[in-house]
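# Residue-level structural notes
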Amino acid sequence: MKKLKKVSLFCVLIIFVLLFIYICYIDSIPSSIILLQGEEIGLKPMFGLNIEVNAKESIETSFQEESEISDKIGKNELSLNLGNIKLKDISVTTIPNKVVVPGGEAIGLKLYTNGVLVVGMSEIEGEDNKKYKPYENSGIEEGDMITKISDKTVTCTADLITYVNECNGKEINLKYVRDGKEYETKMNPTKTGEKDYKLGLWVRDAAAGVGTVSFYEPQTGSFAALGHGIIDIDTEEIIHIATGELVTSNIVSIVRGEKGKPGEIRGSIENGTTIGSVYKNSAFGIYGKLNRGTKFIKSNAKEMEILPRDEIQTGKAKIICTLENNKTEEYEIEIQKVFTNNNTDNKSMIIKVTDQKLIEKTGGIIQGMSGSPIIQNDRFVGAVTHVMVNDPTMGYGVFADMMLKQMSES
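The name given to the protein chain in an unreviewed UniProt entry is SpoIVB peptidase, with Candidatus Merdicola faecigallinarum as the source organism.

Below is the structure:
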């Protein structure tokens with residue numbers, strides 16, 4: 001009898017483990033997938049699961065016949081089923097593998113937030129010389145985006161200052177966004193010795209940086225840059241933007257990278273000319289559209305096909321970047337490792353600078369080179385994203401297909 005109980009308990013445990021594995025697997029499948037034409041969905045088969053197109057035509061329970069989806073340009077609405085039970089809806093958008101023009105030009109970026117970003121908090125000395133914390137118990141934290149005060153839209157720091165002072169010390173309603181969700185709270189501004197009102201919040205409404213253009217599409221003028229996002233220096237999070245500008249940049253100096261000390265390209269964008277607009281700041285780069293007629297778009301530019309990740313080879317390749325005289329140059333590198341199955345971050349491959357001319361100038365990969373296009377066999381592979389601090393000749397690159405997919409997402 002005891003033996004039977006142990007067997008039953010073991011069977012129940014196995015069932016719970018299997019259910020947990022199924023739930024984790026189903027949860028790991030995104031509700032929205034973007035594919036390049038001909039690319040496989042990449043879903044690993046699991047017993048009992050099947051995919052159906054528009055809940056009618058079965059594809060294959062083992063997910064192996066994926067060409068019906070990946071070869072058809074456009075959107076397919078699928079369902080993930082366990083037998084006849086629908087578990088999840090999946091939207092798959094297949095985009096064409098486009099021809100692009102590699103960049104390599106040093107540029108400047110100006111990003112503007114949709115509201116004001118809270119980057120810090122501090123006590124306020126009131127007109128009675130006492131210390132106050134108007135933000136205390138409000139729920140607001142660093143990294144939140146204040147979008148409205150008393151139903152008035154906040155677009156910049158100046159708006160925030162104006163609306164807070166207009167309250168004359170009365171309680172105000174604030175709306176703010178955190179992780180895509182909107183919240184509401186109340187605060188009582190503190191009157192200072194200067195007769196103005198403050199909340200004790202340090203905020204920012206813009207950010208700027210220098211980087212490198214990765215590529216642009218000759219037909220649409222859409223561009224990608226950096227290969228990684230611009231992060232707020234205080235919150236260390238990706239800045240959620242409303243708009244942005246792509247501007248010309250002048251390289252002022254180069255700080256050579258050393259072990260444990262990243263180098264950088266120091267550039268000026270103060271007198272830069274606006275050559276495009278930015279609509280997206282993501283973990284996989286900056287995306288936007290070049291202005292019509294800008295000299296940045298060259299009539300004789302060399303167009304390249306994108307090299308699919310499964311065709312990237314370890315070995316010789318090259319990067320294009322600008323280090324002086326606003327002139328792009330090619331430098332030899334070596335692709336040492338390719339993480340073909342990586343879809344989660346921008347560290348898709350490990351690269352090593354082998355060009356002695358570049359090593360003498362920069363020590364290897366330095367800040368500001370992020371976005372430099374990687375070329376192999378006259379095809380666009382991806383872009384430089386990070387340097388390895390302990391060895392500036394080593395770094396990471398992001399796959400071209402991931403950047404193209406990001407460009408296609410709204």
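Still more to cover.
So, about the nonpolar core. Counting 41 residues, the largest nonpolar core has F215, I319, I335, I351 and I374 as its most contacted members. Excluding its chain neighbours within four sequence positions, the residues that come into contact with I335 are I312, Q313, T314, G315, A317, M349, I350, I351, I374, Q376 and V381.

On the basis of which strands lie adjacent, the closed barrel formed by six strands has the order β24-β25-β26-β29-β28-β27 and antiparallel pairing. Averaged over all pairs of adjacent strands, the angle between strand axes in this sheet comes to 45°, irrespective of strand direction. The sheet contact formed by strand β25 (residues 327-338) and strand β26 (residues 349-353) spans five bridges and is antiparallel. By the bridge assignment for β26, K337 is matched with I350. Contacting β28 (379-388) and β29 (391-399), helix α5 (residues 400-408) crosses the sheet at an angle of about 50° to β29.

Glancing now at the pattern of salt bridges. With the rule as written, the count across this model stands at 14 salt bridges. Of the charged contacts in the structure, one is a salt bridge between E123 and K133, with a shortest N-O distance of 3.9 Å. With a gap of ten residues between them, E123 in the loop between β7 (106-121) and β8 (124-125) and K133 in the loop between β9 (131-132) and β10 (145-149) connect regions that are remote in the sequence. With relative accessibility at 36%, the residue K133 sits in the partly exposed group. For E141, the salt bridge goes to R178, with nearest N and O atoms at 3.9 Å. Here the residue E141 occupies a position in the loop between β9 and β10, and R178 occupies one in strand β12 (residues 172-178), the gap between them amounting to 37 residues. Residue classification places E141 among the partly exposed residues on the basis of a relative accessible area of 43%.

Once that is clear, we can look at a nonpolar patch on the surface. Where nonpolar side chains cluster on the molecular surface, the patch consists of F10, L13, I14, V17, L18, F20 and I21 and spans about 670 Å² of accessible area. By the element assignment, V17 lies in helix α1 (residues 2-28). Under the relative-accessibility criterion, V17 is labelled partly exposed at 41%.

Moving on, we get to helix α3 (residues 157-166). Three or more residues of α3 are buried, namely D159, L160, Y163 and V164. One side of α3 holds all its buried residues, which, seen down the axis, span an arc of 125°. Where the residues of α3 are buried, they touch β7, β10, β11 (152-153), β12, β15 (197-198) and β16 (201-216). With its phi angle positive at about 55°, N168 sits one or two positions after the end of α3.

Criteria and thresholds
Residues numbered from 1 in each chain as written. Predicted model: local features only at pLDDT ≥ 70, side-chain atom pairs only at ≥ 80, totals over all residues. Heavy atoms only, no water. Core = buried A, V, L, I, M, F, W, Y, C linked by side-chain atoms within 4.5 Å. Buried < 20%, exposed > 50% of the residue type's maximum accessible area, 1.4 Å probe, protein only. Contact = heavy atoms within 4.5 Å. Pairing = 2+ DSSP bridges. Helix = DSSP H or I, 4+ residues; strand = E, 2+ residues; numbered from the N terminus. Axes fitted to C-alpha atoms, helices over the stretch in contact; angles between N-to-C directions. Salt bridge = Lys/Arg side-chain N within 4 Å of Asp/Glu carboxyl O. Patch = residues over 30% accessible without salt bridge, like charges linked within 9 Å, V, L, I, M, F, W, Y side chains within 5 Å. Areas by Shrake-Rupley, 256 points an atom, 1.4 Å probe, with all protein chains shown as cover. Arc of directions from axis to C-beta.

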